[in-house]
Amino acid sequence: MTDVVQTDLVTLTIDDTQVSVPKGTTIIRAAEKIGIAIPRFCDHPLLDPRGSCRQCLVDVLDAGNGRGFPAAQASCTMTVAEGMVVRTQFTSEKAKKAQAGIMELLLINHPLDCPICDKAGECPLQNQAMSVGRGDTRFDGEKRHYPKPLEVTPQLLLDRERCILCARCTRFVEEIAGDPFISLASRGRNQQVAVYPEAESGSLYSGNVVQICPVGAFTAKSYRFNARPFDLVSVDTTCEHCASGCSLRTDQRHGKVRRRLAGFNPEVNEEWNCDKGRFAFASGHIDRVETPLVRVNGELQPASWPEAIRAAAAGLKKAGDKVGVLPGGRLTLENAYAYSKFARVALGTNNIDYRSRRGSKEEATFLLSAVAGATTPSYADLETAKQVVLVAFDPEYESPIVQLRLIKAVKKGLKVVNLSAIRTSRSDKLKAEWIPVEPGAEAAALGKVKLDADSIILVGERGALAAGALKAVVEAANKSGARWAWIPRRAGEIGAVESGCLPNALPGGRPVADVKARVDVATAWGLETIPGNVGLDAVEIVNAGAEGLLDALVIGGVELRDLPDPAAAMQAIDRSFTVSLENRLSQAALLADVVLPTALIEEQSGHFLNWEHRAGVVNKVVKSSAMTDLEILDLIATEMDAPIALDSTEKASNEWAGFGNWEGERPALETEPIEAQPEGVLLTAWSEPLWASAANDGEENLAASARAEFAALSEATAKSLGLEAGDEVSVSGDVASIRLPLQVREMVDGTIWIPANSRQGTLGELGAAVGHVVTVAKEGK
């Protein structure tokens, strides 16, 4: 194999060392390549060069044309040239003196409040003041003062007197997030970071400015004065909130998580994360279940672990195979695999479905036939594609890091096409071509989009609500040569699919209906046989339980309000012997017969598979005796004389990996018949990450930063209903109503948008569904 020779290299000399780098490289990057660290504040490898702070000054003896510069130059903005000769602070007195002068200037107005500053101990300004600054100051005037702190958002505070105007924060919100809610205002000594008055609610990515601020000017309200960096124990892990798969650094002190930062992972989240991933980590400590509970005489009573395991095993054994398993979509891969194996080995049933949301039979077949074991495009592929088509998918709210990669790619020429019932500001950030699509008509709309081998289709979990949409995605990709990816909202969904937490699927995409696949799994698990009938899905499990057709339920961390019919779920739990594996006293736990407390995400190890099917490592952050779901299921199965032999994460991980992907035939994709709808206003909706969510509990600042809830209609539809912007409207499903202020938006006529996770009620609690008719009326009429 012949090595590829890069022909656009430029050779220069830095501190008497020659280095060759690609044309267009800045001096500061070239110096890094040979291990020379030039001080800097405004420079960041993922932001455009600005030259704001001037701390990176170097002595350019030869600019590549035989002439040098009389004054020191900013190495973060000057690009290299052939034959250039540069000296840094290590070999040039001019560069050393210039850097010391800049540092003295930056410290004139900076308060010496290091002992109380959150950044102290990990502060670039501290470190570089010691390494390149003067040992004393010549400034004896009055420093600049501002009222402090300034609340930029409910979770973001700004100490303006600490700011050195490096513009990292303002460049991030403009260049990376596309949310310019802050900017540098005024001039000279009055220049400062200011907030746009019209900024709706900051940004979903606002916490990143705290992390990249080099001087502690921005701080997070939840962490302010909470701990010092040198008191923290840091552990790298993976975020549990969505399928983006972000790497995190989690910091704990005295066994309690104090903060989370975006981890460095160039292939996934680069150096960024969303505010939910950064700040939403306190919910597990609210109403936490500390000890097993067993229902005695109608009341949940504390019990020992042996008592609770015996009670759970006895009730499940009595139910036989008349049992349903609802593990939820937030489990690690290993825990999901344990539920899959437990259902088949200990319970003898295929009645298992992780989808704690509205799905479809069509989706179950799609997940088995097309998603399990799929080779998908990657984040890097999004940057090199020429066109990305969004189908039933809002990347910022349903997989936030995908949105950041798309913003980055759009700057390089990517075209984004958005098939949606409503045009959004998030779509506008992507300069997307908006194609108005009535809810449920995505399949037909996709057929009109021109695709080729340089196109990527991204379809969200809401594709399950549009008849034929998922099949249309696969067929359109096959026909055109385009690639596609399915991106669910929850972090554990891909792992649940791959581990067989579906009524029609076994691990590795093996179809339940295939004899060879069943023999394959039975042999690996030491069973004579595995049930050959396709089991009940989540909706059918709930309905069967409510009708008394099931005798027992096993429920993981499922919020009943997320299900299509929460009332039926409560009735099912009431009529069945229910075992709840949960770390909080959720609605399901309060109604269950046996409650078994599980470990929090920071108390366990394992993996999440993100939408790329890339494994992200989950590491234990704090020491705890709490058991994981798989350890609890192993104890129950052993007590039932049907051991699953999964008493550790390592065993589950290795056993799952041993299956590999199924290479046999899989079921053909199918399309469910379109359900006829009466005349009326069709509903479209999706969940927003900072609105009603159990994961946000305990984070009041995060919840307060969410934008205000609203309903949206087109101008024509609002007029036909006698409504106008600002009216309070009532939106009613079959069960309940919510009241929201109306906004008139650019969207499909005859359609209304509302939040799927409103604080007033989820779609399930309303008795409503996307693509179905709802009643819309002015409140009070």
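Up top is the structure.
A. Representation of the overall build of the chain within the structure. Each helix and strand in the chain was counted, giving 25 helices and 36 strands. Relative to a compact globule of 781 residues, whose C-alpha radius of gyration would be 28 Å, the chain shows 29 Å and is just as compact. Over its C-alpha atoms, taken along the principal directions, the chain stretches across nearly 85 × 60 × 60 Å. In the chain, of all internal contacts separated by at least 6 residues, the share reaching a separation of at least 24 is 70%. For the chain, the accessible surface area stands at approximately 31500 Å², while carbon and sulfur atoms represent 50% of it. In the chain, the 83 positive side-chain charges and the 102 negative ones have mean positions that sit 6 Å from each other.

B. Summary view of the pairing of strand E33 (residues 751-755). Of all 5 residues making up E33, 5 are buried, and the element is well covered by its neighbours. Sheet topology note: the strand E29 (residues 681-686)/E33 ladder contains 5 bridges and is parallel. The residue of E33 that forms the bridge with Trp686 is Pro755. Pairing geometry for strand E30 (residues 711-713) and E33, over 2 bridges, is antiparallel. Note that in E33 the partner of Leu713 across the bridge is Ile752.

C. Representation of the environment of Asp8 within the structure. Checked against the element boundaries, Asp8 lands in the segment before strand E1 (9-14). Residue Asp8 is classed as partly exposed on the basis of its relative accessible area of 38%. Between the alpha carbons of Asp8 and Ser20 there is a distance of 9.7 Å; along the sequence they are 12 residues apart. Setting aside chain neighbours within four positions, we find Asp8 in contact with Val21, Pro22 and Lys23.

D. Focus on the packing of helix H8 (residues 333-345) against helix H21 (residues 629-639). Axis separation between H8 and H21 bottoms out at 8 Å; the angle between their running directions is 20°. Accordingly, the angle class assigned to the pair H8 and H21 is roughly parallel. Once H8 is placed against H21, the crossing between them reads as left-handed. Within the contact between the two elements, H8 uses Glu334, Asn335, Ala338, Tyr339 and Phe342 and H21 uses Asp629, Leu630, Leu633, Ile636 and Ala637.

E. Representation of H8 in the model. Relative to the 18 Å expected for 13 residues at 1.5 Å per residue, H8 spans 18 Å between its end C-alpha atoms, a close match to the ideal helical length. Counting buried residues along H8, 13 of its 13 residues qualify, which places the element largely inside the surrounding structure.

F. Representation of the sheet that holds strand E21 (residues 483-487) in the model. The parallel open sheet is built from 5 strands, whose spatial order is E19-E18-E17-E20-E21. Unpaired on one side and paired on the other, strand E19 (433-436) and E21 mark the two borders of the sheet. Strand-to-strand twist of the sheet, defined as the mean angle between neighbouring strand axes without regard to direction, takes the value 20°. Sheet topology note: the strand E17 (residues 387-391)/strand E18 (residues 415-420) ladder contains 5 bridges and is parallel. Of the residues in E18, the one forming a bridge with Val388 is Val416.

G. Main features of a nonpolar patch on the surface. Judged by side-chain polarity, Met570, Leu585, Leu590 and Leu591 come together as a nonpolar surface patch covering roughly 300 Å² of accessible area. Here Leu591 shows up in helix H20 (residues 587-591).

H. Looking closely at the sheet that holds strand E12 (residues 247-253). The strand order across the open sheet formed by 3 strands is E11-E12-E13, and the pairing between neighbours is antiparallel. At either end of the open sheet lies a strand with only one pairing partner, and these are strand E11 (233-238) and strand E13 (256-262). The mean angle between the axes of side-by-side strands here comes to 30°, regardless of whether they run parallel or antiparallel. Examined bridge by bridge, E11 and E12 share 6 bridges and lie antiparallel to one another. If you follow Thr238 over to E12, its bridge partner there is Ser247.

Criteria and cut-off values
Residues numbered from 1 in each chain as written. Predicted model: local features only at pLDDT ≥ 70, side-chain atom pairs only at ≥ 80, totals over all residues. Heavy atoms only, no water. Helix = DSSP H or I, 4+ residues; strand = E, 2+ residues; numbered from the N terminus. Rg over C-alpha atoms; globule rule 2.2 N^0.38 Å. Contact = heavy atoms within 4.5 Å. Areas by Shrake-Rupley, 256 points an atom, 1.4 Å probe, with all protein chains shown as cover. Lys, Arg positive; Asp, Glu negative; His and termini not counted. Charge placed at Lys NZ, Arg CZ, Asp CG, Glu CD. Buried < 20%, exposed > 50% of the residue type's maximum accessible area, 1.4 Å probe, protein only. Pairing = 2+ DSSP bridges. Axes fitted to C-alpha atoms, helices over the stretch in contact; angles between N-to-C directions. Parallel < 35°, antiparallel > 145°, perpendicular 65-115°, else oblique. Left-handed = near helix turned anticlockwise from the far one by under 90°. Expected span 1.5 Å × (residues − 1). Patch = residues over 30% accessible without salt bridge, like charges linked within 9 Å, V, L, I, M, F, W, Y side chains within 5 Å. Salt bridge = Lys/Arg side-chain N within 4 Å of Asp/Glu carboxyl O.

Any functional reading would require information that these geometric values do not contain.
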